[in-house]
Amino acid sequence: MVEHASSYSKDGEDKMKKDNIFKRFLYSQKTAPYVFVLPFLLSFCVFWIYPFSSTIVMSFQDIQPMGSKWIGLGNYKKLLADKVFLQAVGNSVMYMLLTLVLLIPFPLLFASLLDSRLVKAKGIWKALLYIPSLTSVVISGTLFRMMFSERDGSQFNLILNFFGHDKIQWLKMYPTAYFALLLIACWRWTGVNMLYFLSGLKSIDTGLYESAEIDGATGWQKFIYVTIPMLRPTLIYVLTISIYAGLAMFLESFMLWGNGSPYNIGTTIVGYLYRRGIEKNQMGYASAVGLVLLIIALVINMIQLILSGTFKKEES
Amino acid sequence: MNKKFLSTLLCTTMVASSLFGCGTNTASNKASAKDKKEEPVVTSFGDKKGTKLELWTFVGQHADFYGKMVEKWNEKNPDRTINMKTTTYPFSDMHTKLTMTLQSKKGAPDICDVEAGQYPNVVKGQDEWLYPLDEAIKPYKDTMVESRLDMYKGQNGKQYGAPFHIGATVMYYNMEQLEKYGITQADVDSVKTWDDYEKLGKRYVEARGEKGKFFTSVDTAGTDWLTIAMAEYGEDWTGGNKKNAKPNVKLKSVNKMLEYQQKLLKEKVAQVSTDGQVDTDGGIADIGNNTIVSFPKALWFMSRFKDKLGADSGKDQTGKWYIAKCPVFEEGQKCSVGIGGTGTVVTKQSKAKKLAADFICFAKMSEDGEKMIWNDLGFDVCNTALWDECNTDQDNFYNKYFRNKPYEVLKQIKDDIGKVSITKNTPAINDQINSTTLNDVLEKGKNVKEALEEAQSTIESDSE
């Protein structure tokens, strides 16, 4: 009986000990943070680090069904002499710059208007401008392709006909094709950027405006000397994501042309990566294209961040 | 409680959106985007106790066809029955999935349809990826058109794909319209050369005298006209199926055809095809609206008449169109060429390779199979022994739809069907010609020699 009791208590002690170790582990201030970040770290390694490193490796290889061959800088050399790739880089950069010109000032303007007392029924305006970004690009792209079709009955040709102009082939010329691409971009992203700016505007202390008013500032002066500087963090954020989104654009062009546009006017860097990697099954070459895109996006964004002073320490 | 609910909801949305975020950039999504059909269609056929086979295709009608053939196979081979699962994917989605699964050596189906233009990507794996059909093809080989079998051979000479059709090019004429303007069937039959064709076109356009109405249309996003010209001169811009074949687009045939097309455009006999070529929504609308009354295309284009210009389309063309031989540049040349096609392959990953190979050859080459290909799918079959029978079949849709019987024309041109290879050089050539050269020459009127010179240098640097 005594024996039995002692063994029972031993079992209980062991259990307590285990519980303690487990609890100590969980409640320990040192380990807990790691436990919490672990899911992120794991997915980061599996979905980011691994593909990223294998992309780097593959960009130096020729990937073939019977195994891969190391070819050193072969893919990169070919890339630099590849006219279509250089054109794709040009297209992507141009698209990115044009979207910056349109998608920063106008959403900012709309946000300021919505933040002011000039506009009524703000909720409706916000919803109206935001809804397009919830629409699938596949559906909206198909609609836009029909609207810009070269046929007589397409919306934009009907508009031209109304003004007495002959039909034109919208998607076969640079200016009109980019008009179409930018129209899609503006239609989709104006609302999103506007919401970013709106939330930035809401966080500005109204006291600043009041003191500016006391000093006799006009509406414009308030906008330039109060709103813009206070909005700087939001502006930098929107600029950074817009640069990346512009350079990585693919689906819009894919929906308009199906990745085979006349004179490659709609070929973007990602479109070219898709063509080489998926359509032509040249994974090594496509990896090199992807890495070059990464470098371009990084360099442009770094320059932008340095120029806007993000890395400088806050002045006290 | 409310707060708890709200935070749970937010967390779920966040996780879900981050997962969806991962997904939106995958290839398959983009591919399906193009094809405008999101969901693959899965169907099962045959004996539930039979050997399980999986088949992928990119055309719904093909899946139905294989289903019917499985039933026939099971009737004839009770000891080797099949239970087939077919999946129909969007075009590029399926091809992407296939190459990925072959490359990773996991997840490929037993049997898969591969479109001719995509075939070089798949056949480059040869024995590593695919199971050769040479053994299974033996019983049917004698009656098959050889050039179509050759198309689906690997560089090692083994047969890896089974063809559906010949895809012989012919000239389609809208006789009803032509007759309205005084052109008879005899006039059409007397067209032997491209010069005759041009004269007939001028006659029609002058008689009609209406702005925006043309005799034919030339393509800026398709190479059919050029392929016909190459077959006529016996040239091949891919350089053929040899191992180190060099592409060459600076050919006499290509040059001649492009200059000829420029002339047609100048004389307003032709327009540039709406949407780039005839086999598009815009091109088919032009046919339905009588904007154009003649165009060269492969015989499989007949199925477009059935699907898009049939009795219930609102633009019914029944009884209006006439099929004739394509013109040639110089008399005595071959007047046709096989275009397009689907090569069906058996993958190395299949657990019942031999059964799959036997079945696929039965389905696509036996008498039963070929008859069904003609009646259900409307293709010009590769089994020449059946041509007479196909021709006399009174119930066949196409025999009733056109003014003459398609197989009559096919029999006339039987020995005049040329071949232009589809090789690893094809994608680079098509890219350049379709995106730039044809637009330069036909839209901007650029000098043909210069345009081809430019194309050649781009293609060479691309295919190195």
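Residues numbered from 1 in each chain as written. Chains lettered and ligands numbered in written order. Predicted model: local features only at pLDDT ≥ 70, side-chain atom pairs only at ≥ 80, totals over all residues.

As recorded in an unreviewed UniProt entry, chain B goes by the name Arabinosaccharide transport system substrate-binding protein, listed as coming from Lachnobacterium bovis.

Under an unreviewed UniProt entry, the name given to chain A is Arabinosaccharide transport system permease protein, and the source organism is Lachnobacterium bovis. As stated in UniProt under Sequence similarities (unreviewed entry), the record for chain A gives "Belongs to the binding-protein-dependent transport system permease family." (UniProt positions renumbered as here; feature names shortened; annotations may be inferred.)

Visitor: In this structure, what is going on with the overall build of chain B? I would like to understand it.
Guide: The helix and strand inventory of chain B stands at 22 helices and 14 strands. Its C-alpha radius of gyration of 24 Å places chain B within 12% of the 23 Å reference for a compact globule of 464 residues. If one aligns the C-alpha atoms of chain B with their principal axes, the spans along those axes are about 75 × 60 × 50 Å. When each of the 464 residues of chain B is scored for burial, the buried share is 48%. (Helix = DSSP H or I, 4+ residues; strand = E, 2+ residues; numbered from the N terminus. Rg over C-alpha atoms; globule rule 2.2 N^0.38 Å. Buried ≥ 20, exposed ≤ 12 C-beta atoms within 10 Å, placed from the backbone.)

Visitor: Honestly, the domain arrangement of chain B in this entry has me stumped. Any pointers?
Guide: Residues and elements named next belong to chain B. Taken domain by domain, chain B comprises domain 1 (41-166 + 341-392) and domain 2 (168-334 + 418-462). A C-alpha centroid distance of 30 Å is found between domain 1 and domain 2. Taken together, the 14 residues of domain 1 in the interface contact 13 residues of domain 2. Of the residues in the side of domain 1 that touches domain 2, the class split is 7 nonpolar, 5 polar and 2 charged. (Domains from an automatic or database assignment. Contact = placed C-beta atoms within 7 Å. Nonpolar A, V, L, I, M, F, W, Y, C, P; charged D, E, K, R; others polar.)

Visitor: Hey, could you run me through the environment of B:E267 in this one?
Guide: In this structure, B:E267 sits in the loop between α13 (252-266) and β9 (270-272). Separated by 69 residues in sequence, B:E267 and B:E198 have C-alpha atoms that sit 9.3 Å apart.

Visitor: Just checking my understanding: could you explain the packing of helix α5 (residues 105-115) of chain A against helix α9 (residues 174-202) of chain A for this structure?
Guide: Two measures define how a pair of helices packs: the angle their axes make with one another and the distance between the axes. Residue and element names in this part refer to chain A. Relative to each other, α5 and α9 sit at 50°, their axes nearing to 8 Å. As summarised for this structure, α5 and α9 are arranged oblique, according to the angle between their axes. The interaxial crossing formed by α5 with α9 has right-handed handedness. Contacts between α5 and α9 involve F106, P107, L108, F110, A111, S112, L114 and D115 from the former and T190, N193, M194, F197, L198 and L201 from the latter. Its residues assigned to classes, the contact of α5 with α9 comprises 10 nonpolar, 3 polar and 1 charged. (Axes fitted to C-alpha atoms, helices over the stretch in contact; angles between N-to-C directions. Parallel < 35°, antiparallel > 145°, perpendicular 65-115°, else oblique. Left-handed = near helix turned anticlockwise from the far one by under 90°.)

Visitor: Would you take a moment to explain the pairing of strand β4 (residues 111-115) of chain B for this structure?
Guide: It is a general feature of regular strands that their side chains alternate between the two faces of the sheet. Residues and elements named next belong to chain B. Among the 5 residues in β4, 4 count as buried, and that is most of the element. In terms of strand pairing, strand β2 (residues 51-57) meets β4 through 2 bridges, oriented parallel. By the bridge assignment for β4, L55 is matched with I111. As judged from the 5 bridges shared by β4 and strand β13 (residues 342-347), these two strands associate in the antiparallel manner. Each residue of the ladder has a partner; that of D113, found in β13, is T344. (Pairing = 2+ DSSP bridges.)

Visitor: Quick question: what am I supposed to make of the interface of chain B and chain A here?
Guide: How big an interface is tends to be reported as the loss of accessible area on association of its parts. Each side of the interface is counted separately: chain B has 24 residues, and chain A has 23 residues. At the level of elements, α2 (27-35), α4 (91-104), α6 (126-129), α21 (426-443) and α22 (448-462) of chain B are the ones that each hand at least two residues to the side of chain B that touches chain A. Per-element tally for the side of chain B that touches chain A: the top contributor is α21(B), with 5 residues.

Visitor: Would you explain the pairing of strand β11 (residues 321-324) of chain B in this entry?
Guide: All names here are of chain B. Every second residue of β11 is oriented toward a common face, with W321 and I323 on one face and Y322 and A324 on the other, all of them buried. Taken together, the 4 bridges between strand β7 (residues 169-174) and β11 define a ladder with antiparallel strand orientation. Bridge pairing in β11 links Y173 to Y322.

Visitor: Sorry if this is basic, but what is going on with the UniProt feature "transmembrane region" (unreviewed entry) in chain A here?
Guide: Residues and elements named next belong to chain A. Residues annotated by UniProt as "transmembrane region" (unreviewed entry) correspond here to residues 31-50, 93-115, 127-148, 177-198, 235-257 and 283-307. Between the end C-alpha atoms of residues 177-198 the distance is 31 Å, and the span holds 100% helix and 0% strand. Across residues 235-257, the secondary structure splits into 87% helix and 0% strand, with the terminal C-alpha atoms separated by 33 Å.

Visitor: I keep staring at the sheet that holds β11(B) and nothing clicks. Help me out?
Guide: The strands that make up a sheet pair up through hydrogen bonds in the backbone, lying either parallel or antiparallel. All names here are of chain B. Pairing is antiparallel in the open sheet, where 3 strands are placed in the order β10-β7-β11. Edge positions in the open sheet fall to β10 (294-298) and β11, since each of these has one partner strand only. Each adjacent strand pair in this sheet contributes to an overall mean axis angle of 30°, direction not counted. Two strands pair when backbone bridges link them, and β7 and β10 are joined in this way by 5 bridges, in the antiparallel orientation. Within β10, the position partnered with V170 by the bridge is K297. The sheet strands contacting helix α12 (residues 224-233) are β7 and β10, and the helix crosses β10 at an angle near 70°.

Visitor: What should I look at first to understand helix α2 (residues 32-58) of chain A in this one?
Guide: Owing to its 3.6 residues per turn, the α-helix aligns residues three or four sequence positions apart on the same side. Residue and element names in this part refer to chain A. Between its first and last C-alpha, α2 extends 37 Å over 27 residues, near the 39 Å set by a 1.5 Å rise per residue. Along α2, the largest kink reaches about 45° and is centred on L38; proline P39 follows within four residues of it. Where burial is concerned, little of α2 is hidden: 1 out of the 27 residues are buried. (Expected span 1.5 Å × (residues − 1). Bend = angle between axes of the 7 residues up to and from the residue.)

Visitor: How do you make sense of the nonpolar core when you look at a structure like this?
Guide: Among soluble globular proteins, nonpolar side chains are generally buried collectively. Core analysis: the largest hydrophobic core is formed by 131 residues, its most contacted members being B:V170, B:Y173, B:V254, B:V346, B:I360 and B:C361. Broken down by element, the residue count for this core peaks at 9 residues, all from helix α16 (residues 353-365) of chain B. In this structure, this core is formed jointly by two domains, domain 1 (41-166 + 341-392) and domain 2 (168-334 + 418-462) of chain B, each of which donates at least three residues. Ignoring anything within four residues of it in the chain, the contact list for B:V170 reads B:L299, B:I323, B:A324, B:K325, B:C326, B:S336 and B:V409. Counting residues in hydrophobic clusters, the runner-up holds 40 residues, among them A:A177, A:A180, A:Y274 and A:A288. (Core = buried A, V, L, I, M, F, W, Y, C linked by C-beta atoms within 7 Å.)

Visitor: Just to check I follow, could you spell out the environment of B:N434 for this structure?
Guide: Assignment of secondary structure puts B:N434 in helix α21. Between the C-alpha atom of B:N434 and that of B:T220, which follows or precedes it by 214 residues, the distance is 6.1 Å. Residues within four places of B:N434 in sequence aside, it is in contact with A:G260, B:A221, B:G222 and B:T223.

Visitor: Please clarify how the UniProt feature "domain: ABC transmembrane type-1" (unreviewed entry) in chain A should be interpreted in this entry.
Guide: Mapped onto the present numbering, the UniProt feature "domain: ABC transmembrane type-1" (unreviewed entry) falls on residues 89-304 of chain A. Strand forms 0% of residues 89-304 of chain A and helix 74%; the C-alpha atoms that close the span are 19 Å apart.

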